[in-house]
Amino acid sequence: MAGLLSVLLMVGSARGEDAASGALEQQTLTGNWGSVRPALSEHGLKPYLTYTSMLWGNVNGGQATGVQVNGYLDFGLDVDLAKLGFWQGFGAHADFH
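Residues numbered from 1 in each chain as written. Predicted model: local features only at pLDDT ≥ 70, side-chain atom pairs only at ≥ 80, totals over all residues. Heavy atoms only, no water.

Draft legend 1. Examining the sheet that holds strand β2 (residues 66-80) more closely. Spatially, 3 strands are ordered β1-β2-β3 in an open sheet, and the strand pairing comes out antiparallel. Because the sheet does not close on itself, it has two edges, and the strands there are β1 (45-58) and β3 (91-96). Strand-to-strand twist in this sheet, taken as the mean axis angle between neighbours without regard to direction, amounts to 20°. (Pairing = 2+ DSSP bridges. Helix = DSSP H or I, 4+ residues; strand = E, 2+ residues; numbered from the N terminus. Axes fitted to C-alpha atoms, helices over the stretch in contact; angles between N-to-C directions.)

Draft legend 2. How the structure looks around the packing of aromatic side chains. Taken as a whole and assessed by the stated rule, the structure comprises 2 aromatic pairs. Measuring from centroid to centroid gives 5.9 Å for W87 and F90, while their planes differ by 65°, and the two rings are edge-to-face. In this structure, R37 is placed above the aromatic ring of W33, and the distance from its NZ or CZ to the ring centre is 4.2 Å. (Phe/Tyr/Trp six-rings, centres within 6.5 Å; stacked < 30°, edge-to-face > 60°. Lys NZ or Arg CZ within 6 Å of the ring centre and 35° of its normal.)

Draft legend 3. Focus on the side chain of D74. In this fold, D74 is placed in strand β2. K46 provides the closest opposite charge to the buried, unpaired D74, separated from it by 13 Å. In contact with D74, other than residues within four places in its own chain, are Y48, L49, T50, D95, F96 and H97. (Buried < 20%, exposed > 50% of the residue type's maximum accessible area, 1.4 Å probe, protein only. Lys, Arg positive; Asp, Glu negative; His and termini not counted. Salt bridge = Lys/Arg side-chain N within 4 Å of Asp/Glu carboxyl O. Contact = heavy atoms within 4.5 Å.)

Draft legend 4. Focus on the pairing of β2. The pairing of β1 with β2 spans 14 bridges and is antiparallel. Bridging from a neighbouring strand, Y48 pairs with G76 of β2. Sheet analysis places β2 next to β3, joined by 6 bridges and oriented antiparallel. In the sheet register, G76 faces β3, and the bridge partner there is D95.

Structure follows, in structure tokens:
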């Protein structure tokens with residue numbers, strides 16, 4: 001677990017080669033993290049980060065009118081247990097908000 005944590009901490013600084021390719025040419029928005037993302041995938045680990053935003057508006061009536069923006073950050077890890085040497089066809093999903 002400590003090894004995985006150290007790999008994930010290095011992700012932010014390992015993006016150098018991905019910056020050269022255009023954003024529309026990449027398979028993912030943040031690239032392959034200096035080959036860290038493919039290495040994690042080979043071992044059955046697929047981290048993700050998603051931001052969801054909602055815009056709510058009350059233009060007439062009620063106690064107050066106006067617009068409110070809400071959002072949350074969602075991150076987690078999908079694990080392919082077959083690639084880790086456990087059960088074929090099984091996986092795990094951990095999600096945090």
